[in-house]
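Here's the letter readout for the chains.
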Amino acid sequence: MSNLIQGLSRLALSLTLAFSASSVLAANIAVVGGKTDDAFWNKIKKGIDDARLIVEANGGKVNYLQLQSYDNLGPDAAQLVRTAMSQKVQGIVVPNWVPEAEDEAIKAAVAAGIKVIMINAGTIEKANELGAINYVGSDEYLAGKAGGEYFAAKGQKNVLCVNTVPGAANLEARCKGVIEGITGKGGKGKQLPLPATSFGDPTAVAEAIKATLVGDKTIDGLITISAGDADSAAIGIGQANASETVKLGTFDFNEANLDRIKNGKQLFAIDQQPYLQSLLGVLMLNAYIDFGNKLPTAPVLTGPGIVDASNIDATLAGVKKGAR
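Residues numbered from 1 in each chain as written. Predicted model: local features only at pLDDT ≥ 70, side-chain atom pairs only at ≥ 80, totals over all residues. Heavy atoms only, no water.

Quick notes on the layout of surface pockets
Thought 1: Size it by volume and the largest pocket reaches roughly 610 Å³.
Thought 2: If you trace the largest pocket, you find 35 residues lining it, with Asp 38, Trp 41, Tyr 70, Phe 199 and Ser 226 closest to the centre.
Thought 3: Secondary structure elements with two or more residues in the lining of the largest pocket: helix H2 (39-57), helix H7 (169-183), helix H8 (202-215) and helix H9 (227-239).
Thought 4: Within the lining of the largest pocket, the residues separate by chemical class into 15 nonpolar, 11 polar and 9 charged.
Thought 5: Of the domains in this structure, domain 1 (2-138 + 274-302) and domain 2 (140-271) are the two that each give at least three residues to the lining of the largest pocket. (1 Å grid on protein atoms, 1.4 Å probe; cavity = no way out; pocket = protein on both sides within 12 Å on 5 of 7 lines; lining within 4 Å. Points joined across faces, edges and corners; volume = space filled by probe spheres on them. Helix = DSSP H or I, 4+ residues; strand = E, 2+ residues; numbered from the N terminus. Nonpolar A, V, L, I, M, F, W, Y, C, P; charged D, E, K, R; others polar. Domains from an automatic or database assignment.)

Observations regarding the domain arrangement of the protein
Thought 1: Examined at the domain level, the protein breaks down into domain 1 (2-138 + 274-302) and domain 2 (140-271).
Thought 2: Facing 15 residues of domain 1, the contacting portion of domain 2 comprises 14 residues.
Thought 3: Carbon and sulfur atoms make up 54% of the surface buried where domain 1 meets domain 2, a total of about 1,000 Å² over both sides.
Thought 4: The interface formed by domain 1 and domain 2 contains 0 salt bridges.
Thought 5: Counting across the interface, domain 1 meets domain 2 through 3 residue pairs in polar contact (both at pLDDT 80 or more).
Thought 6: Residue contributions to the side of domain 1 that touches domain 2 peak at 3 residues, all from H2.
Thought 7: Residues that form the side of domain 1 that touches domain 2 fall into these classes: 9 nonpolar, 3 polar and 3 charged. (Contact = heavy atoms within 4.5 Å. Buried area = accessible area lost by both parts, 1.4 Å probe. Salt bridge = Lys/Arg side-chain N within 4 Å of Asp/Glu carboxyl O. Polar contact = N/O pair within 3.5 Å; in protein donor to acceptor, adjacent residues only side chain to side chain.)

Observations concerning the sheet that holds strand S6 (residues 158-163)
Thought 1: Sheet architecture is open: 6 strands sit in the order S7-S6-S8-S9-S10-S12, paired in mixed fashion. Each edge of the sheet is formed by a strand with only one pairing partner; in this case those strands are strand S7 (188-193) and strand S12 (305-307). Recorded for the sheet is a direction-independent mean angle of 20 degrees between the axes of neighbouring strands.
Thought 2: In this structure, strand S8 (residues 221-224) lies alongside strand S9 (residues 247-251), joined through 4 bridges in parallel fashion. Paired with Ile 223 across the bridge in S9 is Gly 249. (Pairing = 2+ DSSP bridges. Axes fitted to C-alpha atoms, helices over the stretch in contact; angles between N-to-C directions.)

Some points on the pairing of strand S2 (residues 61-66)
Thought 1: As paired strands, strand S1 (residues 28-33) and S2 are joined by 6 bridges and run parallel to one another. In the strand pairing of S2, Val 31 is matched with Tyr 64.
Thought 2: Crossover connection from S1 via H2 to parallel S2: handedness right-handed. (Right-handed = clockwise from strand over helix to strand, strands pointing away.)

Observations concerning the sheet that holds strand S3 (residues 91-94)
Thought 1: Strand order in the open sheet formed by 6 strands is S2-S1-S3-S4-S5-S11, with parallel pairing between adjacent strands. Of all the strands in the sheet, just S2 and strand S11 (300-301) have a single pairing partner and so form its edges.
Thought 2: As paired elements, S1 and S3 share 3 bridges and run parallel to each other. Residue pairing in the sheet places Ala 30 in a bridge with Ile 92 of S3.
Thought 3: Along the sheet, helix H11 (residues 274-291) contacts S1, S2, S3, strand S4 (115-119), strand S5 (135-137) and S11; its crossing angle with S4, the most-contacted strand, is approximately 165 degrees.

Following this line, the structure appears as structure tokens:
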């Protein structure tokens, strides 16, 4: 009998330890991202919230750590990575916006045993360099190149890429791609870098675009690095009396952008499908931490896709459900 009791005691102890271990392994994930009053990051947030349902169903949790502004983008993002580390998380989902500012913090997280997936900004090469599991997002250079080539296919010859967050690696790559896409088809292109403080300031962006278009009448295509900037650009183009000659495109989109595309007042938008970036990023990290699952596909690309008059109705249907 004593042997039976001892055996049952050992079994109970082993089950207790197993339960404790499984509790420890339940994913505690932090996601570093942009401001939720930003239309783009609202889509990211929906992907996080939908992924959270599965993470929590498996005993884990997801915490969203958002920037308060974009004025000090790289250092602030790095600090949020360090904040996540101090919270003893098992995983971090993070964009690599400014590598020179963020790389050390990401490497420190990996060295501490934290699993990292990069989303939204970065490359699989950078993910491999830093020890991250994967990169989920768009190849920004290829997205920009697709935009430049699209302009060329529609007859534009001189394209301006307006960058309100100069220095951010993903946004610089966008403009570089646009310029090389249009020049590769025989046109011209250049970047208009504006102070980061102009991001989210419609008046400043519109005025800068108006002044540039008034000063150079040969510009016939203009693309912005965000949906909100496209709204400002539409105003600036109108104020420059260039609505008939300057075709507008943007990276990402909001409902105002889509309405202009629907009504023939904006040429296109480049979609990177941000909802999928966060949804897949969080779920992949959760599956890796909890179950040891890892996709052999790397990177996991969510774009680019061109939204224009040919597919605007299908896109609007997705917007109604909050995921486009």
